[in-house]
Amino acid sequence: GRIGWSFAVVVIVAASYGTYLGRFQRWNSWDLALQPVALLADIFSSIAHPATIAQGLALTVGMAVFLLLAYGCWVAMARDRGAGGNRPTEKS
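No experiment lies behind these values; they were computed from the predicted model shown.

Enquirer: Provide a residue-level description of the side chain of Ser 16, including the pertinent values.
Expert: Within the element layout of this structure, Ser 16 appears in helix α1 (residues 2-23). Its relative accessible area of 0% is what places Ser 16 among the buried residues. Here the side chain of Ser 16 touches Ala 64 through a polar contact of 3.2 Å, landing on its backbone nitrogen. The residues contacting Ser 16, other than those within four sequence positions of it, are Leu 59, Thr 60, Met 63, Ala 64 and Leu 67.

Spelled out as structure tokens, the structure:
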């Protein structure tokens, strides 16, 4: 339902932005616990520079769209399978 899709969208967008932080800003996931102030300072300073905003936004949106499409396909296939779409037909 709506709650599941809302949760999926939030998690996928966060994961996409996390990918940007890791690939381009060179942060690791554990830096959130080990260096939270430096990480937040880097995030806020990157917002002040238009070139990094464009790069971060492009990667985040592009990856989020791809992952949402992949998740949508997976949900559709799972729904089809649950409705009997993958069962062998009986022959008379």
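Enquirer: How would you summarise the packing of α1 against helix α4 (residues 50-82) if you had to cite specific residues and measurements?
Expert: For any two helices packed against each other, the geometry is given by the interaxial angle and the distance between the axes. Contact pair α1 / α4: the axes reach a minimum separation of 8 Å and the direction vectors enclose 140°. By the criterion of interaxial angle, the relationship of α1 to α4 is oblique. Here α1 and α4 pass one another in a crossing that is right-handed. Every residue of α4 that contacts α1 at Trp 5, Ala 8, Val 9, Ile 12, Val 13, Ser 16, Tyr 17, Thr 19 and Tyr 20 is listed here: Thr 52, Gln 55, Gly 56, Leu 59, Thr 60, Met 63, Ala 64, Leu 67, Leu 68, Tyr 71, Gly 72 and Val 75.

Enquirer: Would you mind going over the nonpolar core in detail, with residue names and values included?
Expert: In this structure, Tyr 20, Leu 21, Trp 27, Leu 39 and Ile 43 together form the largest nonpolar core, which totals five residues. Elements that contribute at least two residues to this core include exactly α1 and α3 (36-47). In this structure Leu 21 touches Arg 26, Trp 27 and Ile 43, once residues within four positions along its chain are discounted.

Basis of the calculations
- Residues numbered from 1 in each chain as written.
- Predicted model: local features only at pLDDT ≥ 70, side-chain atom pairs only at ≥ 80, totals over all residues.
- Heavy atoms only, no water.
- Helix = DSSP H or I, 4+ residues; strand = E, 2+ residues; numbered from the N terminus.
- Buried < 20%, exposed > 50% of the residue type's maximum accessible area, 1.4 Å probe, protein only.
- Polar contact = N/O pair within 3.5 Å; in protein donor to acceptor, adjacent residues only side chain to side chain.
- Contact = heavy atoms within 4.5 Å.
- Axes fitted to C-alpha atoms, helices over the stretch in contact; angles between N-to-C directions.
- Parallel < 35°, antiparallel > 145°, perpendicular 65-115°, else oblique.
- Left-handed = near helix turned anticlockwise from the far one by under 90°.
- Core = buried A, V, L, I, M, F, W, Y, C linked by side-chain atoms within 4.5 Å.

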